[in-house]
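# Chain and residue survey
In case you want the letters, here they are:
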Amino acid sequence: MIQFLVGFFTRIIKTIFFLEATRKFTFKNDNLGKLKHMQERFTNFRIIKDIFPFLWAKEEKVRSLFLISFSLILVSIFLNLSIPLILKEVVSTLSAPDRSMTYQLSLLLVTYGIIWTLSQTIQQIRQIIMVTPLEKSVRLFCAKLFDHLHSLPMKFHLDRKTGAITNALERAQNGFPNIFWGLFLFVIPPIIEIIFASIILSYYYDIIYGFILIFIATVFIIFTLYSTEWATHFQTLSNDQQSETNANIVDSLLNFASVKYFNNKSYENLKCESHLRKREELLVKSLSSMEFVRIGQSFIIGCGLVWLTYTAGKQTFLSVYNVSDFILINGYVLQFAAPLSFMGFIARDIRKSLNDFASIMEIYNTKSLIAHPNKSFVLAKQVDKIEFQNVSFGYESSRLVLKDVSFELHAGKTLAIVGPTGSGKSTISNLLFRFYNANAGTIFINNKDIQEVNIESLYNLLGIVPQDVTLFNTTIYENILYARPNALKEEVEEAIELAHLGSVLQRLPHHYDTVVGERGLKLSGGEKQRIAIARVLLKQPSLYIFDEATSSLDLSTEETIMNNITSIIKDSTSLIIAHRLSTVVNADEILVLNNGFVEERGTHTSLLKQQGFYASLWQTHEEAHKKPYAA
Ligand SMILES: Nc1ncnc2c1ncn2[C@@H]1O[C@H](COP(=O)(O)OP(=O)(O)OP(=O)(O)O)[C@@H](O)[C@H]1O
Ligand SMILES: [Mg+2]
């Protein structure tokens, strides 16, 4: 037997050392350093502190519901503590039967039953009440997080894989209630109960009983804290791997067409399998380390149980105490064995949830690009002037994409930006939308620095047909209506006509109720562009931005649409970015960008006269196309 026990414990210790060694190894080698770094920075305390305001929210009676639950928790603690005391009285009355005590005994027995039932019922009721404010807090938090995600800089979204964010969000949704449910119902109440029970035992019997109870609880808590921290390292690694795995799966599925174009299904399968394998290995380590923690917890509780019952049993045997006292002491011990062991289980769950929460809190604490989106200057509804003053900008610090760019665009005028691919044309519209901040120079709108204006009032002024049109996976009608959700049906239909979309819709079986597919993939490039044009026409912004708005259209459709657009925007201010120079010949000013610099500027005729870069671009264009809009 002894040999077996020694062998068993040696095996446990060896496995713990093995797991610890692999943990160190994996930490050195893991290539998910970024997420890890984030998680380490967020201590558990900081996470609780950050999410606490959502728990203690003034909205929707969250606070009062929590207060009711806490009061019920206190009542149930009181009831739980009184059960062994009543049982002691019952046993003591029964051990010295006395006819005159019959009434008292019946009263005690009935009270014992009532208190036990009440304690159980209140435990359930407090749970029912607690779930309401807790889920309200989860909703408030998730809504705020969603809002925050939309206000994060473009770079944040481009740097992250969608799968990883949705994965973290899902874990946060489950983690939030787990943390507080466990803490409020299964961690804090047993601790309070144990403190009171030790006071009662020390007061009525000997301080040793209170000491043993507190000592065992303390050892248990310290062990749980340290061992779960050790075990959560594996869980962190496994979480990261899980995010990475999901992100890769989502990325692969989003690119399903490319996978087919290049016949790379087996390559994708191999990649996915390798991720799944890593996930499996880490998950096994994570789960087994948690089980080792559980073994340790049971061992500590077992020791406490033996120590207390042995001490109390010996004293009873020596007639220092009578049987009813033994029942009381043993009652408290047994009463806490289950909650303590459960608390260990819950503590691991809380730790796991806190760990899950770390990456979401990093996102939540990422500063938005726009410091005070709502407090700043509110722009008037009309664009008077847009001005770029010596603007330089680079997506990365190592490379400038725009270099000392200056221009002015006055109300009612059209500015065209042309230039070779990658010269920085779309970047100008990205800066206007404040997706990024310029590194040097200033952008003014109505003579106000764009950094100081209210972002919503800025968005109200701008309307864009972007170079890459993305659509919501809903109907064509709803995609167009998105520009102005309160627009009338007739207005949407008018926008459809102007964007030359009617003929396209005729061909579709469900007309404008056709669902466009994920990111609009069920439509052709030209069809998507026409929807984008209809959308911007419906919005009727004060400044129109067309970024290669007709690049996917055939020449005759382009001509018709451009005619429509020109007549609509003739009194508006517009910025036209185009490769096809024929679309910009009528602009009031043309800015020729080359490698981030403004190479030339002027009207079409003056630029041709200069015989410079624009003239050579025009010549190439002329050779390739017929000139539908020549001045
Ligand atoms: N989010 C980004 N992060 C890093 N670099 C970027 C990013 N977006 C664009 N770039 C780089 O900035 C440069 C300018 O890009 P931009 O989209 O402004 O070019 P463009 O003139 O609109 O080209 P095109 O005519 O092909 O649309 C390019 O070299 C591009 O690779
Ligand atoms: Mg572009």
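Here the residue numbers are simple positions, counted from 1 along each chain's written sequence. Here every chain gets a letter starting at A, and every ligand a number starting at 1, in the order they are written. Per-residue local features of the predicted model are confined to residues with pLDDT of at least 70, and side-chain atom pairs are confined, for both listing and counting, to 80 or more; whole-chain, interface and lining totals are unaffected and use all residues. With hydrogens and water stripped out, all remaining heavy atoms of the structure feed into the side-chain values.

## Re the pattern of salt bridges
The rule for a salt bridge is simple: a side-chain nitrogen of Lys or Arg has to be within 4 Å of a carboxyl oxygen of Asp or Glu. Scanning the entire structure with this criterion turns up 7 salt bridges. K88 is the salt-bridge partner of D325, the closest N and O atoms lying 3.0 Å from each other. Highlighted residues: D325 in helix α11 (residues 323-364) and K88 in helix α4 (residues 62-95), separated in sequence by 237 residues. Secondary structure follows DSSP: runs of H or I at least 4 residues long count as helices, runs of E at least 2 residues long count as strands, and numbering of each begins at the N terminus.

## Some words on the coordination of the magnesium ion (ligand 2)
Only S426 (OG) and Q467 (OE1) from the protein coordinate the magnesium ion (ligand 2), and they sit 2.0 to 2.1 Å from it. Placement of the pair is S426 in helix α12 (residues 425-432) and Q467 in the loop between β6 (462-465) and α14 (476-481), with a sequence separation of 41 residues. Here a donor is an N, O or S atom found within 2.8 Å of the metal, or within 3.2 Å if the metal is Na, K or Ca; sites may look incomplete because water is not among the atoms.

## Digging into the site of ligand 1
Taken together, 15 residues are adjacent to ligand 1, and T421, K425, S426, T427 and Q467 come closest. The side chain of T427 places a nitrogen or oxygen atom 2.5 Å from an oxygen atom of ligand 1. Any N or O atom pair separated by 3.5 Å or less is treated as a polar contact, with the protein-specific requirement of one donor-capable and one acceptor-capable atom, and with residues adjacent in sequence counted only for side-chain atom pairs. At 2.6 Å from an oxygen atom of ligand 1 is found a side-chain nitrogen or oxygen belonging to Q467. Under the convention used here, a 1.4 Å probe and the Shrake-Rupley method define accessible areas, while residue burial counts only the protein chains that appear. In isolation ligand 1 exposes 640 Å². Once the protein is present, 71% of that is buried. We call a residue near a molecule or strand whenever a single non-hydrogen atom of that residue lies within 4 Å of it.

## Topic: the sheet that holds strand β10 (residues 597-602)
Read across the open sheet, the 6 strands follow the order β6-β7-β8-β3-β9-β10; overall the sheet is mixed. With partners counted over all chains shown, the strands left at the sheet margins are β6 and β10, one partner each. Between one strand axis and the next, the sheet turns by 15° as a mean value, whatever way the strands run. Contacts: residue pairs with any heavy atoms within 4.5 Å of one another. Inter-axis angles, ranging from 0 to 180 degrees, are taken between N-to-C directions of lines fitted to C-alpha atoms, where helices are fitted over the stretch in contact. This element, α12, spans β3 (414-418), β6, β7 (543-547), β8 (573-577) and β9 (589-594) of the sheet and lies at about 145° to β7. Where helix α17 (residues 525-539) meets the sheet, its contacts fall on β6 and β7, and the angle it forms with β6 comes to roughly 165°. We treat two strands as partners when DSSP finds at least two bridges between them.

## A short note on the side chain of S243
By the element assignment, S243 lies in helix α8 (residues 207-254). When accessible area is computed with a 1.4 Å probe and restricted to protein chains, residues below 20% of their type maximum are described as buried, those above 50% as exposed, and intermediate ones as partly exposed. The exposure class assigned to S243 is buried, which follows from its relative accessible area of 6%. Not counting residues within four places of it along the chain, the set of residues in contact with S243 comprises A164, N167 and R171.

## Let's talk about the domain arrangement of the protein
These domain limits were set by an automatic method or by a database of domain assignments. Taken domain by domain, the protein consists of domain 1 (14-364) and domain 2 (385-624). The straight-line distance from the C-alpha centre of domain 1 to that of domain 2 is 54 Å. At the interface, 5 residues of domain 1 touch 4 residues of domain 2. Each partner contributes to the roughly 420 Å² buried at the junction of domain 1 and domain 2, and carbon and sulfur atoms together form 67% of this total. Here the quantity called buried area is the accessible surface, traced with a 1.4 Å probe, that two parts lose on coming together, added over both. Interface area lost by domain 1 to domain 2 is led by M154, K155 and L254, which between them contribute 81%. On the surface where domain 1 and domain 2 come into contact, there are 0 salt bridges. Our count for the domain 1 to domain 2 interface comes out at 0 residue pairs in polar contact (both at pLDDT 80 or more). Looking at the side of domain 1 that touches domain 2, the element that brings in the most residues is helix α6 (residues 154-159), giving 3 residues.

## A short note on the nonpolar core
Joining through side-chain atoms within 4.5 Å is the link that ties buried Ala, Val, Leu, Ile, Met, Phe, Trp, Tyr and Cys residues into a set, and such a set is a nonpolar core. Of all hydrophobic cores here, the largest spans 65 residues; its most connected members are I51, F141, F176, F180, F357 and I360. Taken together, the elements giving at least two residues each to this core come down to α3 (44-55), α4, α5 (102-151), α7 (162-204), α8, α10 (265-317) and α11. Of the residues forming this core, the biggest block, 17 residues, is contributed by α11. Residues V465, A487, V516 and V584 belong to the second largest nonpolar core, which totals 47 residues.

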